[in-house]
Amino acid sequence: MSNGRPNAPPRAGTVPSEARGAERAGSRSAKRKKTVALAFGAGGARGLAQIVAIEAFDEMGLEPVALAGTSIGAAVAAAYAAGMTGKAMRRHAIEMAHDRTETFARLVGARATALTALFTAGLGNAMLLDAEKFCSAFLPPAVPDDFSKLAIPLTVFATDLHARSEVAFSAGALKPAIAASMAVPGLVRPVEVDGRVLVDGGAVNPLPFDHLRGRADIIVAVDTSAGRLESRGIPDPWECLFMTLQVMSRTIVAEKLKHGAPDLVLQPPGGAFRLLDFFHASAILRAAEPIRAEIKERLGSLIGV
């Protein structure tokens, strides 16, 4: 409301209130922390190394705005999205590895074939695992049943066996999506979701960083398919199958990186470990320690911390 006097010009050396507000807004914009999205890849037991990356994020006080995961990476990402810390995930993995009796009991309970059928399985795999039973037995209790209950948006990837294509899940039932993403051929029975027969997402997208483009300022991918596998002579048939899957994953990831790499790719050391070396969780986590400092240095530089 006017007091009848003309508006006085601003005093010399002062800034009008409108300009001050604009300056403050500009300052806030300039200081806005860059957002980060994180992709976790396939790799079997070697994928446990991704927990060290989460611990580094926790220590830096960072929380991704989006997550993507394939196979073991889907399980790790789901636990992270559910609110688990890296330390809590480390405890869970090590407890499973150290309590072998309980772990074997859970594996037997997760079989796709009933105990009575062990002697009538013929040429089939009598120890074939049921993916959903396996997830129920080994996923941390913190992982919810539905994507909507997650604290961080998550996309999980599986492979449609008959359509020969990638399938992305980001809504609805969470555990069947994780189960499908982890359905390693020959070891885990395929999962049927909405009439589609699904297997391990590593067959089409072992490191799904490409689906995070445009969702954050910085995209980080943890690639556990990297590194030369240690030579142990001619492997048995099962080991040969699993090693072949790792070679395929590595080839796909290498080709994807040629056509557009994320801002930061982390490759934890892990060539000494096999696909099913989950009982070596402590050793896998120790071997991955170098990426803790790497994340803090390289990601810190990218976000300006």
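Described below are features of the structure shown in this document.

Criteria and cut-off values
- Residues numbered from 1 in each chain as written.
- Predicted model: local features only at pLDDT ≥ 70, side-chain atom pairs only at ≥ 80, totals over all residues.
- Heavy atoms only, no water.
- Helix = DSSP H or I, 4+ residues; strand = E, 2+ residues; numbered from the N terminus.
- Buried < 20%, exposed > 50% of the residue type's maximum accessible area, 1.4 Å probe, protein only.
- Contact = heavy atoms within 4.5 Å.
- Areas by Shrake-Rupley, 256 points an atom, 1.4 Å probe, with all protein chains shown as cover.
- Salt bridge = Lys/Arg side-chain N within 4 Å of Asp/Glu carboxyl O.
- Phe/Tyr/Trp six-rings, centres within 6.5 Å; stacked < 30°, edge-to-face > 60°.
- Pairing = 2+ DSSP bridges.
- Right-handed = clockwise from strand over helix to strand, strands pointing away.

### Things to note about the overall build of the chain
Helix and strand content of the chain: ten helices and ten strands. Out of the 305 residues belonging to the chain, those deemed buried represent 46%. Considering only intrachain contacts with a sequence separation of at least 6, the fraction spanning at least 24 residues in the chain is 77%. Within the structure as shown, the chain displays about 15600 Å² of accessible surface, and the carbon and sulfur contribution to it stands at 56%.

### So, the pattern of salt bridges
Within the structure shown, the criterion is met by 13 salt bridges. One salt bridge in this structure joins E55 and R90, with 2.7 Å as the shortest N-O distance. Residue E55 is located in helix 2 (residues 50-60), and its partner R90 is located in helix 4 (residues 86-98); the two are separated by 35 residues in the primary sequence. Owing to a relative accessible area of 5%, E55 belongs among the buried residues under this scheme. Counted as one network, the salt bridges with shared partners bring together E55, E59, R90, E289, R292 and K296.

### Topic: helix 3 (residues 72-81)
Of all ten residues making up helix 3, ten are buried, and the element is well covered by its neighbours. All of the buried residues along helix 3 are I72, G73, A74, A75, V76, A77, A78, A79, Y80 and A81. Taken together, the buried residues of helix 3 touch strand 1 (36-40), helix 2, strand 2 (66-70), helix 4, strand 4 (154-160) and helix 7 (174-181).

### As for the packing of aromatic side chains
Using the criterion set out here, one finds three aromatic pairs in the structure. Here the aromatic rings of F40 and Y80 are separated by 6.4 Å at their centres, their planes lie at 70°, and the arrangement is edge-to-face. In this pair, F40 sits in strand 1 while Y80 sits in helix 3, placing the two residues 40 residues apart along the sequence. Across this residue pair, the class does not change: F40 and Y80 are buried. Seen from their ring centres, F134 and F138 are 4.9 Å apart, and the 45° between their planes marks the pair as tilted. Of the two residues, F134 and F138 both sit in helix 6 (residues 131-138), four residues apart, roughly one turn of that helix. The same class applies to F134 and to F138, which are both buried.

### Brief notes about the pairing of strand 1
Burial runs high along strand 1: five of the five residues are buried. Along strand 1, one buried face is formed by V36, L38 and F40 and the opposite face, lined by A37 and A39, is buried too. Across five bridges, strand 1 lies against strand 9 (residues 218-222) in parallel orientation. For L38, the partnering residue across the bridge sits in strand 9 and is V220. Across four bridges, the pairing between strand 1 and strand 2 is parallel. The partner of L38 across the bridge, within strand 2, is L67. The parallel pair strand 1 and strand 2, bridged by helix 2, forms a crossover whose chirality is right-handed.

### Focus: the pairing of strand 4
Among the seven residues in strand 4, seven count as buried, and that is most of the element. Here strand 4 shows two buried faces, one formed by L154, V156, A158 and D160 and the other by T155, F157 and T159. Looking at chain direction, strand 2 and strand 4 are connected through four bridges and run parallel. Each residue of the ladder has a partner; that of A68, found in strand 4, is T155. Sheet topology places strand 4 next to strand 5 (residues 165-169); five bridges connect them, and they run antiparallel. Note on strand 5: the bridge partner recorded for D160 is S165. Where strand 4 hands over to strand 5, the hairpin turn is made up of four residues, of which R164 adopts a positive phi near 55°. Note: strand 4 against strand 8 (residues 196-200), three bridges, orientation antiparallel. Looking at the pairing, A158 lines up with D200 of strand 8.

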